[in-house]
Amino acid sequence: MAQARQQYEQVLQEAQHRAEEAANQAVNVYRSSGGHQSAEAEELERRIAYLRTFAEVTQVQLRAVLEGLTNEVNKLGNLPDAGQHTAYSSLGRD
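What you see is a predicted model; the values in this text were computed from it and never measured. Each residue is numbered by its place in its chain's sequence as written, counting from 1. Thresholds applied to this predicted model are a pLDDT of at least 70 for local features of residues and 80 or more for the giving and counting of side-chain atom pairs; totals over whole chains, interfaces and linings are not thresholded and use all residues. As a rule here, side-chain values come from all non-hydrogen atoms in the structure, and water together with hydrogens is ignored.

Quick look at the overall build of the chain
The secondary structure listing takes helices from DSSP runs of H or I that are at least 4 residues long and strands from runs of E that are at least 2 residues long, numbered from the N terminus. Each helix and strand counted, the chain has three helices and zero strands in total. For the chain, the N- to C-terminal ordering of α and β elements is α-α-α. A 1.4 Å probe rolled over the protein chains alone gives each residue an accessible area, and that area as a share of the maximum for its type sets the label: buried under 20%, exposed over 50%, partly exposed in between. Among the 94 residues that make up the chain, the fraction classed as buried is 14%. Pairs at least 24 residues apart make up 68% of the contacts formed inside the chain by residues separated by at least 6 positions. Accessible surface for the chain amounts to roughly 7,800 Å². Of this, 53% is attributable to carbon and sulfur atoms. A contact between two residues is defined here by any heavy atoms of the two lying within 4.5 Å. Surface exposure here means Shrake-Rupley accessible area, sampled with a 1.4 Å probe, where a residue is shielded only by the protein chains that are shown.

Some words on helix α2 (residues 39-77)
Taking 1.5 Å per residue, 39 residues should reach 57 Å; α2 reaches 56 Å between its end C-alpha atoms and fits that length. Three or more residues of α2 are buried, namely Glu 42, Ala 49, Thr 53, Val 57, Thr 58 and Gln 61. Contact partners of the buried residues in α2: α1 (2-32). A helix is expected to span 1.5 Å for every residue after the first.

What about the packing of aromatic side chains?
Any two rings among Phe, Tyr and Trp, with Trp reduced to its six-membered ring, count as a pair given centres within 6.5 Å; such a pair is stacked if its planes are under 30 degrees apart, edge-to-face if over 60, and tilted if neither. Going through the model one piece at a time under the given rule, you end up with one aromatic pair. Consider the rings of Tyr 50 and Phe 54, whose centres lie 6.1 Å apart with planes at 10°: the pair is stacked. Taken together, the residues Tyr 50 and Phe 54, both in helix α2 and four residues apart, mark about one turn of the helix. Judged by its relative accessible area of 22%, Tyr 50 falls in the partly exposed class.

Quick notes on the packing of α1 against α2
For every element, the axis is a line fit to its C-alpha atoms; helices are fit only across the contacting stretch, and the angle between N-to-C directions ranges from 0 to 180 degrees. At a minimum axis separation of 7 Å, α1 and α2 run at an interaxial angle of 150°. With respect to the hand of their crossing, α1 and α2 are arranged in right-handed fashion. Residue composition of the contact of α1 with α2, grouped by class: 16 nonpolar, six polar and seven charged. Each crossing is labelled by how the near helix is turned from the far one, with a counterclockwise turn of less than a right angle marking it left-handed and a clockwise turn marking it right-handed. By the convention adopted, Pro, Cys, Tyr, Trp, Phe, Met, Ile, Leu, Val and Ala count as nonpolar, Lys, Arg, Asp and Glu as charged, and the other residues, Gly among them, as polar.

Notes on a nonpolar patch on the surface
Like charges are joined within 9 Å and nonpolar side chains (Val, Leu, Ile, Met, Phe, Trp, Tyr) within 5 Å, but only among residues with over 30% relative accessible area and no salt bridge; these make up the patches. Salt bridges are identified by distance alone: a Lys or Arg side-chain nitrogen within 4 Å of an Asp or Glu carboxyl oxygen. A surface patch of nonpolar side chains, about 290 Å² in accessible area, is lined by Leu 66, Leu 69 and Val 73. With respect to the element layout, Leu 66 can be found in helix α2.

Notes on the confidence of the model for the chain
Low pLDDT means the predicted atomic positions in that stretch should not be read closely. One confidence number per residue, pLDDT, is output by the predictor and ranges from 0 to 100. On average, the chain scores 77 in pLDDT, and the residues at 70 or more come to 79%. Confidence, read as mean pLDDT per element, is least for helix α3 (residues 82-93) in the chain (52) and greatest for α2 (83).

With respect to α1
Taking 1.5 Å as the rise per residue, α1 with 31 residues should run 45 Å; its terminal C-alpha atoms sit 45 Å apart, in good agreement. Taken residue by residue, α1 has Val 11, Ala 15, Ala 19, Ala 22, Ala 23, Ala 26 and Val 27 as its buried positions. Buried positions along α1 lie against α2. Once α1 finishes, Gly 34 follows within two positions and takes phi at roughly 85°, a positive value.

Written out as structure tokens, the structure is:
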């Protein structure tokens, strides 16, 4: 659980960092495009870029975490269960 929580926090931090970079870049592009831009339009452009990048990065990273978790669960599913084996053995004796 602790490792999963730590991965979750890392995913969020990375997504936030990349989204912030994308938002800043979008504002810079918007400003350099010329013309008259309102502060509201600039902020909207920034938020859109932030949210788009945050969603993309989060999806990619969460897919990777989910794939790793699935692999670990599959490994556990392949382990012999001694308790289950004992239960089957006792059924054969009845």
